[in-house]
Amino acid sequence: MTHFSTLAIHAGYDSADCTNGNAAVPPIYLSAAFDMQSAAHGDALSAGAAEGFSYSRVANPTLDVLERRIAALEGGRSAVAFASGMAAVSAALLCAAEGGGRIIAARNLYGASVDAMDSLLPEFGIETDFVDDINDVRLVESLIGPDTRAIFAESVANPSTEVADVAALAEIAHRHGVALIVDNTVPTPYLFRPIELGGADVVVHSTTKGISGHGNALGGMVVDAGRFDWATDRYPQFTRQEVVVSDDRNDDWHSFASKFGIDAYIRRVRIKYLRTFGAVASPVNAYLQLLGVETLAVRLRQQVASATAIAEFLQTVPHVRAVHYSGLALAGDGHAALQSASQNELVRRDFPRGVGGMLSFEVDGGREQVARILDGTHVFAYVPNIGDARSLIVDPARIRHREVSPQFRRMSGVGDNLIRLSIGLEDTADLIADLEQAIHGAY
Ligand SMILES: *Cc1c(COP(=O)(O)O)cnc(C)c1O
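Residues numbered from 1 in each chain as written. Predicted model: local features only at pLDDT ≥ 70, side-chain atom pairs only at ≥ 80, totals over all residues. Heavy atoms only, no water.

### Concerning unusual backbone geometry
Note the following rule: The numbering of helices and of strands both runs from the N terminus, where a helix is a DSSP run of H or I of at least 4 residues and a strand a run of E of at least 2. Here the term buried applies to any residue with accessible area under 20% of the maximum for its type, exposed to any over 50%, and partly exposed to those in between, with areas from a 1.4 Å probe on protein chains only.
Look at the link from asparagine 158 to proline 159: it is a cis peptide, with omega at 5°. With a phi angle near 70°, glutamine 37 is a residue other than glycine that sits in the positive phi range. Its location among the elements puts glutamine 37 in the loop between helix 1 (4–10) and helix 2 (39–46). With relative accessibility at 69%, the residue glutamine 37 sits in the exposed group. With phi around 65°, threonine 188 is a residue other than glycine that occupies positive phi space.

### Considering the packing of aromatic side chains
As a reminder of what qualifies: In summary, the pairing rule links any two rings of Phe, Tyr or Trp, Trp by its six-membered ring, whose centres are within 6.5 Å, and it sorts them by plane angle into stacked for under 30 degrees, edge-to-face for over 60 and tilted for everything else. When the NZ atom of lysine or the CZ atom of arginine is within 6 Å of a ring's centre and also within 35 degrees of its normal, the charge is said to sit over that ring.
On inspection of all chains with the given rule, the structure shows twelve aromatic pairs. Note on phenylalanine 34 and phenylalanine 53: the rings are 5.8 Å apart at their centroids and 50° apart in plane angle, and the pair reads as tilted. Note that phenylalanine 34 is positioned in the loop between helix 1 and helix 2 and phenylalanine 53 in the loop between helix 2 and helix 3 (61–74), a separation of 19 residues in sequence. Residue class for phenylalanine 53 comes out partly exposed when judged on its relative accessible area of 24%. Ring centres of tyrosine 273 and phenylalanine 277 lie 5.5 Å apart, and the angle between their planes is 90°; on these two criteria the pair is classed as edge-to-face. With tyrosine 273 and phenylalanine 277 both in helix 11 (residues 264–277) and four residues apart, this pair spans about one turn of that helix. Residue classification places tyrosine 273 among the buried residues on the basis of a relative accessible area of 8%. Taking the ring centre of phenylalanine 238 as reference, the NZ or CZ of arginine 268 above it sits at 5.9 Å. A cation over a ring is seen here: arginine 268 above phenylalanine 256, with NZ or CZ 5.0 Å from the ring centre.

### A word on the pattern of salt bridges
Here is the rule: For this document, the term salt bridge refers to a Lys or Arg side-chain nitrogen within 4 Å of an Asp or Glu carboxyl oxygen.
Taken as a whole, this structure holds 20 salt bridges when the rule is applied. Between arginine 77 and aspartate 263 there is a salt bridge, and its shortest N-O distance comes to 2.7 Å. With arginine 77 in the loop between helix 3 and strand 1 (78–82) and aspartate 263 in the loop between helix 10 (256–260) and helix 11, this residue pair connects regions lying 186 residues apart in the sequence. On the accessibility criterion, arginine 77 (49% relative accessible area) is partly exposed. For aspartate 263, a relative accessible area of 16% translates into the label buried. Its salt-bridge partner being aspartate 132, residue arginine 107 comes within 2.7 Å of it at the nearest N-O pair.

In structure tokens:
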């Protein structure tokens, strides 16, 4: 078996396949379309019968390398890249729930995901049953009905860092023939692999975050484990005959399931959601993400070490009322005792390398004190992003207030006195000193 850091550098690309010069680094193919060479090859390409490229809205060689690499890092079978994390989340959910399906999801999801499921997908006939605690598997199971198409969870929630019990969710989902879709953006596959460790069927990413790692390129990814049976009555979209996968001139009719078998879902994501909705990533962004992913393991190791040190430090600072960093379960002694035993247990079982570089904390007072802290930092930048090499600070109540209704914000624990940090790669001592002076100066 090839290990994570080796795959991060090599998976999905062989310089021998790059016929135009054997480039050591995957080249940027800035070509909207590709020469199909012969009428027969063109016909096979458009029928999906031949491997290759014809038009970059469907597939592109630079994106292809990124897709293969992230699929390898996640232990998945295949992947489709999108222009942003939200494009990937939307496509993954729609492809499962299209045509009047229901989704079960936690209320403390990423803001734009909640907004999509709460206020936009219902306009397309897709409803979501929200739960306060996604690890309340009995409640989740009780909500599974004939129209339920997916359970959707974030492996590590933003900004609380609460971790989901992916294995328990997979078990109940599969018992009912329902797919489990996991947003694995926050930990990245270096820290957690929902397909391998938990039995998730589909993993989605905002590759904008830790995978890129430098805050310079938007991107998203849908990764398919290739294990789930979509050819059941619950998912009529996969067994319906469709022109796009058929050869009507020869009266050879197919559904996605009959044509692609175990790849029915990921092919539908590409052929329906990427090709017709068109949220295609730029090859330049894919190149930046391939560059970023090469250093994923070393970046995450440093960010987890700094985030843990900062979480421990914040627990000692006057005016800090609570620190939310489930990774403290690994810090031992008194630190971990502050959070729930079940969270500590899950972190120790599934996240031995840590939960990531994001954490949040609550301070005395409210908006005014938070604003003074935000304005008082010099190393931390006030930027609404995570997973960057730069350390970032935000007030989630303000930056999320247009996306998430007040009721949802309260229920997901996002109050006016909450501050979120995304720990970068600066020196840990400088980050601690910056927070210390900013918090001290705010009171
Ligand atoms: C950022 C983020 C998204 C959305 O990704 P974009 O690339 O900003 O569209 C989705 N899920 C999580 C957990 C995120 O952090």
